[in-house]
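Close look at the chain arrangement
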Amino acid sequence: MTAPVSTDFAIQHATFNHVWAALMLEELYRLGVRDIALAPGSRSSPLTMVASEHAGLRCHCHFDERGLGFMALGIARGSQRPVVIITTSGTAVANLYPAVVEANLLGVPLIVLSADRPIELLDNGSNQAIDQRDIFSRYTIVHHDLPPPDAEIKAAFLLSTLDQAVDQQRRTPGPIHINCRYREPLYPGNCLVDASDYLAPLRDWLTTLTPWSDWSSSTAVPALNHAWETFAQQRGLIVVGRVDDHKQAQQIVELSKQLGWPLLADIQSQIHFGPHNLIHFDLALHDERFSAELAQAEVLLQFGGRLISKRLTQFIAQQPWQDVWLVDSLPQRLDPDYCVKRRLIGSPADFIAALPTIPEQLCWHQLASLQRCTSQLVEERCTAFSELGVCHQLAQLAEGQLFIGNSLPARLMNMLGTHRQTPLRVFANRGASGIDGLIATAYGLSCTRSEPTTIVLGDTSALHDLNSLALLKQAFQPLVVIILNNDGGSIFHMLPVPKEGDLLARYYRQPHGLHFEHAAKMFGLGYFAPESLDAFIAAYTQALLADVTLIEINVPHQQVADDLKHLGAAIREEPRGQ
């Protein structure tokens, strides 16, 4: 939302708590916030009332704070703007913890404004009072525990506190926590509070739309001329992890073409389905010929971290690289195997712009032709109604935005699919890689674009976030939820967990025997349960033209493990002649 806000900041408010709330939300608006995620509560009333009245802020409501946090995460990722979360006091704040952890690990700018009791109401049996100070521990970039609003504390203190916090967030992206203590009264009384004397020192701020104080940040990239010329002359490999910006991802493609280096792009890269990516590299690593050719690379250039493919990360860890560079805007290590020799903190665009021009180089590898056998086997093995078949088809049919759940769906979507003619924005919560809040995150993403959004996730993940199905009826564009229901955690069939007796089923996979038809009815969603691949294609195509649809794919729990085992074996056993 870009609606301008009047510079006539109100001088009369319901309570003095509302004066501080108004100052905070106006300053956050000036610092770039446009979306507020709110849950119901009494202690947070000053913030809620001010947010509801602010002309430039769009409010999103949810009754479940855990889902609320992930909805805000999705909005922030889709809009690439900071999003404010407002909650009441007590365990409402604690329910945000999983989303705050994910925001920290992915560098997503959330701003939590948690209402709280004043300090004298702690540890004495007062209702809904817990110690909220630094409740998110090391997972916030900035934490402030504000005093209760007081006319003796300058308004400039409040504004400059927010200015500094948001500047720190811009330098090190991640969540901020501002704990807001409010004494009663929390609601309007018979007369308004006149804050004109208190606001008088803000005369210039009141007549502009700029923040109270200006903080400047630099995104300079170090000069790399000599080091780059040496690096680029070797046989190299480009690997791409999470990159949210499609234009920057395309710049990486052009760099790989110029260098003649192979490109291995993760599903989160925005270029996974592009024609230049070796799309089936994860499965092709089963093939000794492909792996041996890839092992001819001497240096590695990686953009973005948190790769999904375990086979690729193992390959990277085992290679005797002469040099490894990693480019990512987050100031995190992102190097689980400690291979990186040069860590460049910045965007792909800034890094590529800083590189000296070198002549276009010839392609040094034959990986595309070596991958063809794998691609043919993928096509052959994905024609049945199965998790592989559905994910392979979805990669071709999806439109607009695709949000991928964790556990098996992320791995399947990273393995399968074919090159696409039209772009597809792809997102996943691969910071902590948890299975909570996935539906809410996808809904948040859907709020940021005028195009369809699809989420594909497992049944256990869907049960974790069932409350967030209530959000989906508010969607403005088609939203499709595809649940791969294999009755529990079937990924454990592929892990070396104990399988004696009922250990695997009871303690790891935990079958539940549940289906989602009645959940769809309860939340007023369209519902399909196709029983063939053609029926799935028809249901999904229809869902892209509807409002909100839940498509349930019911499959045997052992099927996906068997399918992947047999596909891997077929690739390894492919005749060696070309």
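Below you will find a few notes about this structure. These numbers come from a predicted model, not from an experiment.

Turning next to the environment of L300. Looking at the element boundaries, L300 is found in strand 11 (residues 299–303). As for L300 and I238, which are separated by 62 residues in sequence, their C-alpha atoms are 6.0 Å apart. Excluding its chain neighbours within four sequence positions, the residues that come into contact with L300 are F231, L237, V239, I316, W321, D323, V324 and W325.

Here strand 2 (residues 35–38) pairs with strand 3 (residues 58–61) via four bridges, running parallel. Bridging across to strand 3, D35 finds its partner in R58. In terms of handedness, the path from strand 2 via helix 2 (residues 45–53) over to strand 3 forms a crossover that is right-handed.

Now for the environment of A265. Structurally, the position occupied by A265 is in strand 10 (residues 263–265). Take A265: its relative accessible area is 0%, and that puts it in the buried class. Separated by 38 residues in sequence, A265 and F303 have C-alpha atoms that sit 9.3 Å apart. Ignoring any residue separated from it by four or fewer positions in sequence, one finds A265 in contact with V240, I271, H272, N277 and F281.

Moving on: the nonpolar core. L110 and L472 are the most contacted members of the largest nonpolar core, which totals 48 residues. Broken down by element, the residue count for this core peaks at seven residues, all from helix 3 (residues 65–79). Dropping the residues within four chain positions of it, L472 is found in contact with I439, Y443, L479, V481, L525 and V548. Within the second largest apolar cluster, 47 residues are counted, among which are L259, L278, V324 and L370.

It is worth spelling out the pairing of strand 4 (residues 83–87) at this point. Along strand 4, five of the five residues are buried, which leaves the element largely enclosed by surrounding structure. Neither face of strand 4 is open: one carries V83, I85 and T87, the other V84 and I86, and all of them are buried. Note that strand 2 and strand 4 share four bridges and pair parallel. Within the sheet, the bridge partner assigned to A37 lies in strand 4 and is I85. As judged from the five bridges shared by strand 4 and strand 5 (residues 110–116), these two strands associate in the parallel manner.

With that settled, the discussion passes to the sheet that holds strand 19 (residues 548–554). Pairing within the open sheet is parallel, and its six strands lie in the order 15-14-16-17-19-18. Every other strand in the sheet has two partners, leaving strand 15 (425–428) and strand 18 (526–528) as the edge strands with one partner each. Between one strand axis and the next, the sheet turns through 20 degrees on average, direction left out of account. In terms of strand pairing, strand 18 meets strand 19 through three bridges, oriented parallel. Bridging from a neighbouring strand, G526 pairs with T549 of strand 19.

Quantified by volume, the second largest pocket comes out at close to 660 Å³. Elements with a minimum of two residues in the lining of the second largest pocket: helix 11 (281–284), helix 13 (310–318), helix 17 (408–415) and helix 23 (559–572). It is helix 23 that contributes the most residues to the lining of the second largest pocket, five residues altogether. Looking at the lining of the second largest pocket residue by residue, the class counts come to 11 nonpolar, six polar and seven charged.

Moving on, we come to the sheet that holds strand 11. The strand order across the open sheet formed by five strands is 10-9-11-12-13, and the pairing between neighbours is parallel. The open sheet has two edge strands, strand 10 and strand 13 (342–345), and neither has a second partner. Between one strand axis and the next, the sheet turns by 15 degrees as a mean value, whatever way the strands run. Helix-sheet contacts for helix 13 involve strand 9 (236–240), strand 10 and strand 11, and the interaxial angle to strand 9 is about 140 degrees.

Let us now look at the packing of aromatic side chains. Under the counting rule described, the total for this entry stands at 15 aromatic pairs. The interplanar angle of 80 degrees and the centroid separation of 5.6 Å between the aromatic rings of Y97 and F136 together place this pair among those described as edge-to-face. One end of the pair, Y97, is in helix 5 (residues 97–106); the other, F136, is in the loop between strand 5 and strand 6 (142–146), with 39 residues separating them in the sequence. Between W228 and W325, the ring centres sit 5.9 Å apart and the planes meet at 50 degrees, which makes this aromatic pair tilted. Here W228 is found in helix 9 (residues 225–232), whereas its partner W325 is found in strand 12 (residues 323–328), with 97 residues between them in sequence.

A few words on helix 6 (residues 155–171). Every α-helix winds through 3.6 residues per turn, so residues three or four apart in the chain are directed the same way. The end-to-end C-alpha separation of helix 6 is 25 Å, in line with the 24 Å expected for 17 residues at 1.5 Å each. All buried positions along helix 6 are accounted for by A155, L158, L159, T161, L162, D163, A165, V166, D167 and Q169.

Attention now goes to unusual backbone geometry. With omega at 10 degrees, the peptide bond leading from E184 into P185 counts as cis. Secondary-structure assignment places P185 in the loop between strand 7 (176–181) and strand 8 (193–194). Look at S137: it is not a glycine, yet its phi comes out positive at around 55 degrees. Relative to the helices and strands, S137 is located in the loop between strand 5 and strand 6. The residue Y338 is not glycine, and still its phi comes out positive at about 55 degrees. Looking at where Y338 falls in the secondary structure, it is placed in the loop between strand 12 and strand 13. By relative accessible area, Y338 is classed as exposed at 60%.

This paragraph deals with the environment of N485. With respect to the helices, strands and loops of the structure, N485 is situated in strand 17 (residues 479–485). The exposure class assigned to N485 is buried, which follows from its relative accessible area of 3%. Each C-alpha atom, one on N485 and one on I36, is 33 Å from the other, the two residues being 449 residues apart in sequence. Those residues within four positions of N485 in sequence are excluded, and the remaining contacts are D459, H512, L514, H515, F516, E552, I553, N554 and V555. Of note is the side chain of N485, whose polar atom sits 3.0 Å from the backbone oxygen of L514.

About the cut-offs
Residues numbered from 1 in each chain as written. Predicted model: local features only at pLDDT ≥ 70, side-chain atom pairs only at ≥ 80, totals over all residues. Heavy atoms only, no water. Helix = DSSP H or I, 4+ residues; strand = E, 2+ residues; numbered from the N terminus. Contact = heavy atoms within 4.5 Å. Pairing = 2+ DSSP bridges. Right-handed = clockwise from strand over helix to strand, strands pointing away. Buried < 20%, exposed > 50% of the residue type's maximum accessible area, 1.4 Å probe, protein only. Core = buried A, V, L, I, M, F, W, Y, C linked by side-chain atoms within 4.5 Å. Axes fitted to C-alpha atoms, helices over the stretch in contact; angles between N-to-C directions. 1 Å grid on protein atoms, 1.4 Å probe; cavity = no way out; pocket = protein on both sides within 12 Å on 5 of 7 lines; lining within 4 Å. Points joined across faces, edges and corners; volume = space filled by probe spheres on them. Nonpolar A, V, L, I, M, F, W, Y, C, P; charged D, E, K, R; others polar. Phe/Tyr/Trp six-rings, centres within 6.5 Å; stacked < 30°, edge-to-face > 60°. Expected span 1.5 Å × (residues − 1). Polar contact = N/O pair within 3.5 Å; in protein donor to acceptor, adjacent residues only side chain to side chain.

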